[in-house]
Amino acid sequence: MRYLLLIYTDENSTEQATPDDVARISRAHSETIEDAVRRGVLVGLDKLKPTVTATTVRMDTSGALITDGPFAETKEQLAGYYMIDCADLDQAIEWAKRIPTGCQPGEGCIEIRPIQEIRKPSGLGK
Amino acid sequence: MEVQAAVEAVFRQEHGRIIASLIRISGSFDRAEEAMQEAFAAALATWPERGVPHNPGAWIMAAAHRKWIDRSRRERTRRDKQEALRYDTESRGDTGEQLLAVIDEEEREAANMLAWDDRLRLMFTCCHPAVPQEGQIALTLRMLGGLTTTEIAKAFLVPEATMAQRLVRVKRKIQEAGIPYQIPPASQLAERSRTVQTIIYLIFNEGYAASAGDELVRRDLCAEAIRLGRLLVQLLPDDPENAGLLALMILHNARRDGRVQDGKLVTLEDQDRSVWKRDEIAEGTSLLESVLRRKCPGPYQLQGAIAALHAEAPTPGDTDWRQIAALYSHLFALQPNPVVALNHAVAVAMSGNWEDGLRMIDEAGAGGRLERYYLFHAARADILRRMTRFDEAAQAYGRAIELATNPLEREFLTGRLESVVSHR
């Protein structure tokens, strides 16, 4: 089963991350990624630019409503994702535990969403 | 009529065991439930004529499996390939064909199926932390307890449609999120067992709380929670907290007849101790003694030990409050929350150290932490009353009455308030 592990973190706090924090977080990501690749679990992952770069497009009857920022203001923001392919939710939870979500313990979280399989057109980009 | 009773008895006793195997084999809660219902319908149709089989549970199990095989065979002819069954685990991997090969020896096969204990898988799946708590409770009662949706709805005082909807959502979540049908690995077992214990204890408390609702239904709920507690001890005997939880529930339940008299709430102190069930108290106490010998006391064992000290005292005056206070202090070390601190403080006061106890009660509620908790005010009022500080007691009773929602409890507190007012 494929799962999307959404990384939510407090952008304000990550902005103030010390070089040590950054090193620790990227080390934890690297270790998780290496292990996930070795076990053939990792389907994809990406880091998102901060929400100040976000644009929301909403189509209604009068046309497109384009606004600056994410569609909802939240305390924690979507910062990136891992997509993994594993047997079940318990395994997905184990992977989620290993993904860093902030500088301090208790900061940020991972939302696990199972993928609804749909038929995809051929010739999809990478 | 005799057949009907036999079918009902099997349904109640064997539901969890049979459904647990069917879920593993069919890979779906819904398919398992369908097969089970068809098997019970078959029993009602054939038993009156042929008589009740000597092993009714095994008969139902075999019939349900056959129903499921028939159905999946029909489905297979409809589709080219059979959809992968999510819950089919590698440990067995029996397909319909393999089952068909032995179906003639259905009794023997069924006995084997009964031996595979899938109930533990079912328990952990129903109580998976990714399932919302009210869903965990409902599904546990429906699947392991074999309670009908109507019965569960009645017990939780919600409309039947709401409960039915809740069950549908839970089953969907399990299926769609890929919650595995398995016993958690050793590294997660302890943590996941806590969730199972919590759910069983919540079921018990729902039945034990002296709130509104059908008394008979509530008794059933307690009996069901105790039955589930026994099952948990049987399936996971290595975790002493399982026995601790079971003992705690048995000890509380043994006193239930004394709690309400003529529709009025009676405190532990004023209860008629002759209606307490001595054999149940003995069972709970001996269970606790054997598990405490392992020297690994957790919150349920400690609460069980406290319940045992209350239950064993021949009169309220014989209650070993000193020992109870020590147990609460131990419990507070494991669960440092203000409610445990409050109970500890009350035990200290009741052991004769009134001033210390009162000071500790106020410390437990410091910073308004327990301000909205009626039992905080009720406990404070009770200690003040015993210290003959009636004015302060009256004030605290007043606050408790404002906050209490249960009519029985409010009535009790009002009685107490009147009595302290008359003393001042």
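Cut-off values and rules
Residues numbered from 1 in each chain as written. Chains lettered and ligands numbered in written order. Predicted model: local features only at pLDDT ≥ 70, side-chain atom pairs only at ≥ 80, totals over all residues. Helix = DSSP H or I, 4+ residues; strand = E, 2+ residues; numbered from the N terminus. Buried ≥ 20, exposed ≤ 12 C-beta atoms within 10 Å, placed from the backbone. Contact = placed C-beta atoms within 7 Å. Pairing = 2+ DSSP bridges. Axes fitted to C-alpha atoms, helices over the stretch in contact; angles between N-to-C directions. Nonpolar A, V, L, I, M, F, W, Y, C, P; charged D, E, K, R; others polar. Expected span 1.5 Å × (residues − 1). pLDDT = per-residue confidence, 0-100. Core = buried A, V, L, I, M, F, W, Y, C linked by C-beta atoms within 7 Å. Parallel < 35°, antiparallel > 145°, perpendicular 65-115°, else oblique. Left-handed = near helix turned anticlockwise from the far one by under 90°.

## Comments concerning the overall build of chain B
When helices and strands are counted, chain B shows 21 helices and two strands. Taking all 424 residues of chain B together, 41% fall into the buried category. Counting only contacts in chain B whose residues sit at least 6 apart along the sequence, the fraction spanning at least 24 positions is 62%.

## Brief notes about the overall build of chain A
Along the backbone of chain A there are three helices and six strands. Mapped in sequence order, the helices and strands of chain A form the string β-α-α-β-β-β-β-α-β. Here chain A, with 126 residues, has 16% of them falling under the buried criterion. Of all intrachain contacts in chain A linking residues separated by at least 6 positions in sequence, the fraction that spans at least 24 positions is 76%.

## Regarding the sheet that holds strand β2 (residues 42-47) of chain A
Adjacent strands of a sheet form backbone hydrogen bonds with each other and so pair up, either parallel or antiparallel. Residues and elements named next belong to chain A. Spatial strand order, β2-β5-β1-β6: four strands in an open sheet with antiparallel pairing. The open sheet has two edge strands, β2 and β6 (109-114), and neither has a second partner. On average, adjacent strands in this sheet sit at an angle of 20° to one another, irrespective of strand direction. By the bridge criterion, five bridges tie β2 to strand β5 (residues 77-85) in an arrangement that is antiparallel.

## A short note on the interface of chain A and chain B
Taken together, the contact pairs six residues of chain A with seven residues of chain B. Considering only residue class, the side of chain A that touches chain B consists of four nonpolar, no polar and two charged.

## Observations concerning the environment of Gln303(B)
All names here are of chain B. Within the secondary structure, Gln-303 is located in helix α15 (residues 299-312). Since 23 C-beta atoms lie within 10 Å of it, Gln-303 is described here as buried. Here the alpha-carbon distance between Gln-303 and Ser-286, two residues 17 residues apart in the chain, equals 15 Å. Beyond its immediate chain neighbours, meaning those up to four positions away, Gln-303 contacts Leu-248 and Leu-331.

## Focus on helix α2 (residues 19-38) of chain A
Residue and element names in this part refer to chain A. Look at α2: 28 Å from first C-alpha to last across 20 residues, which is about the 28 Å you get at 1.5 Å a residue. In terms of burial, α2 is a largely surface element, two of the 20 residues being buried. Looking one or two residues beyond α2, the residue adopting positive phi is Gly-40, at roughly 70°.

## Side note on the pairing of strand β1 (residues 2-9) of chain A
Residue and element names in this part refer to chain A. Burial of β1 is one-sided: the residues Tyr-3, Leu-5, Ile-7 and Thr-9 facing one way are buried, the residues Arg-2, Leu-4, Leu-6 and Tyr-8 facing the other way are not. As paired elements, β1 and β5 share eight bridges and run antiparallel to each other. Residue Ile-7 lies in a different strand from β5, and its bridge partner there is Gly-80. Of the strand pairs in this sheet, β1 and β6 are connected by six bridges, and their pairing is antiparallel. Of the residues in β6, the one forming a bridge with Ile-7 is Ile-110.

## Re unusual backbone geometry
All names here are of chain B. Although it is not a glycine, Lys-295 sits at a positive phi angle of roughly 55°. Backbone geometry places Thr-388, a non-glycine residue, at a positive phi of 55°. As for its placement among the helices and strands, Thr-388 is situated in the loop between α19 (374-386) and α20 (390-403).

## A few points about helix α12 (residues 240-254) of chain B
When the terminal C-alpha atoms of α12(B) are compared, their 21 Å separation across 15 residues agrees well with the 21 Å that a helix rising 1.5 Å per residue should span. Burial analysis of α12(B) places 15 of its 15 residues in the buried class, which makes it a mostly covered element.

## Let's talk about the confidence of the model for chain B
Residues and elements named next belong to chain B. Chain-level pLDDT for chain B is 87 on average; 90% of the residues reach the 70-or-more range. Scored below 50 in pLDDT, residues 81-85 shows three contacts in the model against residues more than four places distant or in partner chains. At the level of chain-chain contacts, confidence expressed as ipTM amounts to 0.83, with global pTM at 0.83.

## Regarding the nonpolar core
Side chains of nonpolar character tend, in soluble globular proteins, to be buried together. Counting 127 residues, the largest nonpolar core has Leu5(A), Leu22(B), Ala64(B) and Tyr397(B) as the members making the most contacts within it. If near-sequence neighbours (up to four positions away) are discounted, Ala64(B) is found in contact with Ile18(B), Leu22(B), Ala35(B), Met36(B) and Ala39(B).

## Considering the packing of helix α16 (residues 321-334) of chain B against helix α17 (residues 338-350) of chain B
Residues and elements named next belong to chain B. Running from N to C, α16 and α17 cross one another at 160°; their axes reach a closest spacing of 8 Å. In terms of orientation, α16 lies roughly antiparallel with respect to α17. Read as a crossing pair, α16 and α17 show a hand that is left-handed. Touching Trp-321, Ile-324, Ala-325, Tyr-328, Ser-329, Leu-331 and Phe-332 of α16 are Val-340, Ala-341, Asn-343, His-344, Ala-347, Val-348 and Met-350, all from α17. A breakdown of the residues in the contact of α16 with α17 according to their chemical character gives eleven nonpolar, three polar and no charged.

## Description of the environment of Val3(B)
Residue and element names in this part refer to chain B. By the element assignment, Val-3 lies in helix α1 (residues 2-26). Judged by the 17 C-beta atoms lying within 10 Å of it, Val-3 is partly exposed. Sequence-wise, Val-3 and Leu-358 are 355 residues apart; in three dimensions their C-alpha atoms are separated by 61 Å.

## Notes on the environment of Leu327(B)
Checked against the element boundaries, Leu327(B) lands in helix α16. With 36 residues separating them along the chain, Leu327(B) and Glu363(B) place their C-alpha atoms 19 Å apart.

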